[in-house]
Amino acid sequence: MDLTGATSLQYSVHSYSSQEHMFGPETLGVTDPTDALSKWSCSARAGPQYVLLELKRIAILTRIAIGKYERRHPSQCCDFRVYAGLSRTSLTPILTHSLRNNTTPEAFDLLPSPYIKKTPSPVRYVKIELQTAHVSNESISLAFVGLTGVELPTPPSAIHSNVYSRTTARQILSMCTNERAVPIAGQLLKMSCPKFFGDLFDHIISGSDNLEDFIFENWSHFIPGDSRIPPVLAADRLPPSENTPHSRSGHHMITMPSGKILLHGGWSGTRDLADTHLYDPSTNTWLEANDDSPGPRSWHSMACDSKGNIYMLGRFDDSHGSRCDLWRYKSGIWSCICNDCSAQGGPVLVRECVLTFVESCNSLYVAGGLECRSNQNEPYRIGSSYIYDIDDDRWTAVSISSVSTLHRTGASAFYDAQTNCSIVIGGLTTDDEQLRDVVAIKHGEGHSPRVISRAPLSLGRHRSAFDRTSRLVYISVPGHSDCGMAIWCLSLNTLQWTQLVPGNTADTARIPPFVELMNRPAPGLKLPNARTDHQMVYHPGTKALYIYGGVMPGLSRKERLNDVWRVKIDFVGSPQYARTIRAAIRRQKYVEACIVTPHQMSNLEMLRHTLMTPDTRLTDAAIVALSGMAARNVTIGDIQRIYPFSVLGMPDLLITSRLALFECLLYYLDDAE
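Each value, and the rule that gives it
Every chain begins its residue count from 1, and numbering advances along the sequence as written. At least 70 in pLDDT is required for a residue's local features to be given in this predicted model, at least 80 for side-chain atom pairs to be given and counted, and no such filter applies to totals for whole chains, interfaces and linings, which use all residues. Where side-chain values are given, they derive from all heavy atoms of the structure, hydrogens and water being excluded. Strands are runs of DSSP state E lasting at least 2 residues, helices are runs of H or I lasting at least 4, and numbering of each runs from the N terminus. Any two residues whose heavy atoms approach within 4.5 Å at even a single point are treated as in contact. Buriedness for pockets is judged along seven lines, at least five of which must meet protein on both sides within 12 Å for an open set on the 1 Å grid over protein atoms alone, while cavities are sets there where a 1.4 Å probe fits but cannot get out, and lining residues have an atom within 4 Å of a point. Grid points are joined across faces, edges and corners, and a volume is the space filled by probe spheres set on the points. Any residue that is not Ala, Val, Leu, Ile, Met, Phe, Trp, Tyr, Cys, Pro, Asp, Glu, Lys or Arg is counted as polar, Gly included; the first ten are nonpolar and the last four charged. By definition here, a salt bridge exists when the distance from a side-chain nitrogen of Lys or Arg to a carboxyl oxygen of Asp or Glu is within 4 Å. For every residue, the accessible area obtained with a 1.4 Å probe (protein chains only) is divided by the maximum for its type, and the residue is called buried under 20%, exposed over 50%, and partly exposed between those limits. Centres within 6.5 Å make a pair out of two Phe, Tyr or Trp rings, where for Trp the six-membered ring is used; the pair is then stacked when the planes are under 30 degrees apart, edge-to-face when over 60, and tilted otherwise. By this definition, two strands are paired if DSSP reports at least two bridges between them. Axes, fitted as lines to C-alpha atoms, cover a helix only where it is in contact. Angles between the N-to-C directions of the axes lie from 0 to 180 degrees. Nonpolar cores are built from buried Ala, Val, Leu, Ile, Met, Phe, Trp, Tyr and Cys residues. Side-chain atoms within 4.5 Å join them into one set.

Considerations on the side chain of Glu212
Mapped onto the elements of the fold, Glu212 is located in helix H4 (residues 211-217). Not counting the four nearest positions on each side in its chain, Glu212 is found in contact with Arg582, Ile585, Arg586 and Lys589.

A look at the layout of surface pockets
Looking at the second largest pocket, its volume works out to about 1100 Å³. Those elements that place two or more of their residues in the lining of the second largest pocket are strand E12 (252-255), strand E16 (301-304), strand E21 (354-358), strand E26 (412-416), strand E30 (463-467) and strand E34 (535-539). In terms of residues, the lining of the second largest pocket owes the most to one element, E30, which gives five residues. Among the residues making up the lining of the second largest pocket, the classes are represented as 22 nonpolar, 14 polar and six charged.

Some details on the pattern of salt bridges
If you walk through the whole model with that rule in mind, you get twelve salt bridges. For Glu106, the salt bridge goes to Arg100, with nearest N and O atoms at 3.7 Å. Residue Glu352 pairs with Arg461 through a salt bridge whose shortest N-O separation is 2.6 Å. Of the two residues, Glu352 sits in the loop between strand E20 (350-351) and E21 while Arg461 sits in the loop between strand E29 (448-454) and E30, which places them 109 residues apart along the sequence. A relative accessible area of 11% means that Glu352 is categorised as buried. A single salt-bridge network, built from bridges that share partners, covers Arg297, Arg315 and Asp325.

Regarding the packing of aromatic side chains
On inspection of all chains with the given rule, the structure shows eleven aromatic pairs. Ring centres 5.4 Å apart and planes at 15 degrees place the aromatic pair Phe196 and Phe214 in the stacked group. Of this pair, Phe196 sits in helix H3 (residues 195-205) while Phe214 sits in helix H4, and the two are 18 residues apart along the sequence. Take Phe196: its relative accessible area is 4%, and that puts it in the buried class. Arranged with centres 4.2 Å apart and planes meeting at 20 degrees, the rings of Phe414 and Phe466 form a pair that is stacked. Residue Phe414 is found in strand E26, and its partner Phe466 is found in strand E30; the two are separated by 52 residues along the sequence.

Observations regarding the sheet that holds strand E15 (residues 285-288)
The sheet built from four strands is open, its strands ordered E12-E13-E14-E15 with antiparallel pairing. Each edge of the open sheet carries a strand with a single partner, namely E12 and E15. The sheet shows a mean angle of 25 degrees between the axes of neighbouring strands, direction not considered. Pairing geometry for strand E14 (residues 272-280) and E15, over four bridges, is antiparallel. Opposite Asp280, over in E15, you have Thr285 as the bridge partner.

Observations concerning the nonpolar core
Counting residues in hydrophobic clusters, the biggest one holds 33 residues, and the most contacted among them are Leu200, Phe201, Leu211, Ile215 and Phe662. For this core, the secondary-structure elements that each account for two or more residues are strand E4 (49-67), helix H1 (165-173), helix H2 (181-192), H3, H4, helix H6 (574-596) and helix H10 (650-666). Setting aside residues up to four positions removed in sequence, Leu200 forms contacts with Leu211, Phe214, Ile215, Phe662, Leu665 and Leu669. Counting residues in hydrophobic clusters, the runner-up holds 28 residues, among them Leu28, Leu53, Val82 and Leu110.

Quick look at the environment of Ser360
Following the sequence through the fold, Ser360 ends up in the loop between E21 and strand E22 (363-367). Along the chain, Ser360 and Ala417 lie 57 residues apart, while their C-alpha atoms are 7.9 Å from each other. Ignoring anything within four residues of it in the chain, the contact list for Ser360 reads Tyr415 and Asn420.

Focus on the environment of Leu527
Looking at the secondary structure, you find Leu527 in the loop between helix H5 (513-518) and E34. For Leu527, a relative accessible area of 16% puts it in the buried group. Separated by 291 residues in the primary sequence, Leu527 and Asp236 have C-alpha atoms spaced 7.5 Å apart.

So, in structure tokens, the structure goes:
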């Protein structure tokens, strides 16, 4: 935090001791030395009299200026005191001084101050207490008060509520850009969060040797292991089976209630495909369905109802003027429900549109997508929103208040039964602008959309899969060929984003540098290849994501993938994440050893001792990660290279790494104490 970049602070009058006639304190923030009404005059001729000011935002106070009236009795205040603090009932004296009896305004620097020695404190309230007057037979008064300082990030309105403790802590951490701001963050944590948050922060920042003992002596403060903690992923490329489908992109997959995964269509690189396949995750086998196919198509959308029926709509078509057909897959047979949806009041032919099944009204919801052009000279248009009533076989156009909210193509979508909302994530505009918002369309209330979250990275051509039980959304983002695919997780319960598989995206600058270093894939850790235009589904039976096909960077225009990846999802239980926490703390010790004494042999010896300790019992993933760090030879130069600063000193590196450890452990702290 740069305390030299102070600005004028806005404030309001919270309370005051008294006023004389019309001379209230409301004009203290206005400097007009010639206006007799622009001053605060007390009804008493002797002190103490006070006015309590409330800052608009929490700030570090650096200077206070006091103006004067230019006519009779320019400064009808002699001795005064200033108090400040976060609570109006607990204020600390920060200045005691006197004003000269002249017309010259006076200003007082608060840093340094006999009351503020090393660490400046954040304040919300400033109390000015007038002690004596220059003229004993005149009312004590004050003409103008100007406050200067550095505003801090404002925690949520319910700052003292435990429900928001972790969110508040993360906002406070965002202000820590150097070692001077760390003590301020510690004070805010202790005032805004449960006591253990501040105690843990002190242990980590001070580099306490007994951090592990402290954590496990206070184990009751941690979550007993459930879906609020981000899951751990382990990816494996499954061996090809005899009937593995042809390579493709632009296909669609969906998990059926029977446990099978249905795949249809796609683009081979030279033509659209019309085949339908069923994949059994329990045996890793494919079966091609021998039935009447809806015909070749790619970039179509599918949704599954509560009875296991699969609905399919839309496709890419460059023949111009094609019709939009709606199909249903039931009991192994495809049947056409509607040959031309637009003739019945539904959408024209679209590709990459939103399609969800709305359980509450047994209907399909369709939105967005690129409309098929009648000729190639027409500009692309985004499709409108519709509801298809399955029972009545009827299309209805949906009029929404904010059309621009759903003006997109290539978005991913699913239905959330708990909120009766279709959730739409990211996508592209017609100008290929990548979107990052998450929109909830509330059904039963006019299908009105509202933005409920914004992703920490752009979500253009991505894929998502939804676990209805935990209400976690898994989002795969195309990566670069040298670093694999990135997988993120969004909790609909907390609206918290977590990066599960690092990958490498265009928005890596948004990821804290030290976190990016620690998340680099270790040697031997399997990751799905970077790809686009693939498909990803969640299978509740195996608790895994399945990724198939797509286009990998570096392949020719006609080459496609047909590999199957299984990404196992493991929710961390209490014994497991206890070991995870131990691994994080010991990894921190290793990194600090690299920073302070960058000698590879001593670091390897420390790592060997950590892994061989009998009571360590680290998970395989943790051992791979720790071993990978040793193999990468993380040194001070390695860390400095990824920071966005030109020069970093040792203290900054240590503090930044310790802040990263504290932010990591926040995931495991329980809000509801």
